[in-house]
Amino acid sequence: MSIHTNHNQANKTPLPGTFRAALCDPPWPLHQKGELGAGNHYDLMSDERILGMGDAMREIMAENSFCFLWVTTATVPLGIKVLEAWGFRYTSFYFWAKPRLMLGNTFRNSGELLLLGVRGKGTKVAFRGQPNWGMHALQSHSRKPEEIHLMVERLVGGDGPFLELFARRPAPSAAHWDIWGNECDATISLEKWGYPVPADNQGALVPEIQA
């Protein structure tokens, strides 16, 4: 799978209005600490730091664009605030049904939610036959189904450019996807807005972005 670039800046900073869609899986801090929490697998990021990415998102996303945001059960309200802080209005969700009974303080969780936010006037999906749920196999911790990238492409239409935030690997697609995160070979840089990642220094360690 190839990764394309379309930012045209030597420091990998995206040009204004570059991306038609963003797929984001933030390392939420709420209920993620402790023996079974996600904090044992990767660095968590404070609510303030996640919300603070709004300046970057408002600049690099296209005037008419989509934001697909993964949330946990506990972070649904925060997820909607994040969409708003990033310049999107919440409009719907997709439910990933998992074939296994998971943890939960009230209901036992058996899935995850992908919130959908839109930006701009008259932003419409290109494919109107997409159900708002799907059952996908579990893989390694926090790894999301590869089918989601294809779903984003169907809904948004065209070949991109698309952006995956907090990525851990190249996008499983031949379409134009840029990736950014602390654990991947990021193809763009958000250092301009105060969010450096190791790829900005050609693999050298930098201060944690997810603190």
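Refer to the structure printed above.
Keep in mind it's a predicted model, so treat the numbers as computed, not measured.

Enquirer: Would you mind going over the environment of Pro161 with me for this structure?
Expert: With respect to the secondary-structure elements, Pro161 resides in the loop between helix H4 (147-156) and strand E6 (162-165). Overall, Pro161 belongs to the buried group, its relative accessible area being 10%. As a C-alpha pair, Pro161 and Ala175 span 14 residues in sequence and 7.8 Å in three-dimensional space.

Enquirer: Looking at this structure, how should I read the pairing of strand E4 (residues 111-119)?
Expert: Every other side chain in a regular strand lies on the same face of the sheet, so the side chains alternate between the two faces. Of all nine residues making up E4, eight are buried, and the element is well covered by its neighbours. In the sheet, strand E2 (residues 61-71) pairs with E4 via seven bridges, with the strands oriented antiparallel. Looking across to E4, one finds that Ser65 is bridged to Arg119. Alignment of strand E3 (residues 89-97) against E4, held across eight bridges, turns out to be antiparallel. Directly across from Tyr94, in E4, lies its bridge partner Leu114.

Enquirer: Looking at this structure, I do not really get the pairing of E3. What am I missing?
Expert: Bridge count between E3 and strand E5 (residues 133-135): three bridges; the pairing is parallel. Note that in E5 the partner of Phe95 across the bridge is Trp133.

Enquirer: Please clarify how the sheet that holds E5 should be interpreted in this entry.
Expert: Read across the sheet, seven strands follow the order E5-E3-E4-E2-E1-E6-E7 without closing on themselves; strand pairing throughout is mixed. Whereas interior strands pair on both sides, the edge strands pair on one side only; in this sheet they are E5 and strand E7 (177-180). Within this sheet the neighbouring strands show an average axis-to-axis angle of 20 degrees, counted without direction. Strands E2, E3 and E4 of the sheet are contacted by helix H3 (residues 76-85), whose axis makes an angle of about 20 degrees with E4.

Each value, and the rule that gives it
Residues numbered from 1 in each chain as written. Predicted model: local features only at pLDDT ≥ 70, side-chain atom pairs only at ≥ 80, totals over all residues. Heavy atoms only, no water. Helix = DSSP H or I, 4+ residues; strand = E, 2+ residues; numbered from the N terminus. Buried < 20%, exposed > 50% of the residue type's maximum accessible area, 1.4 Å probe, protein only. Pairing = 2+ DSSP bridges. Axes fitted to C-alpha atoms, helices over the stretch in contact; angles between N-to-C directions. Contact = heavy atoms within 4.5 Å.

This is a description of form; function is not addressed.
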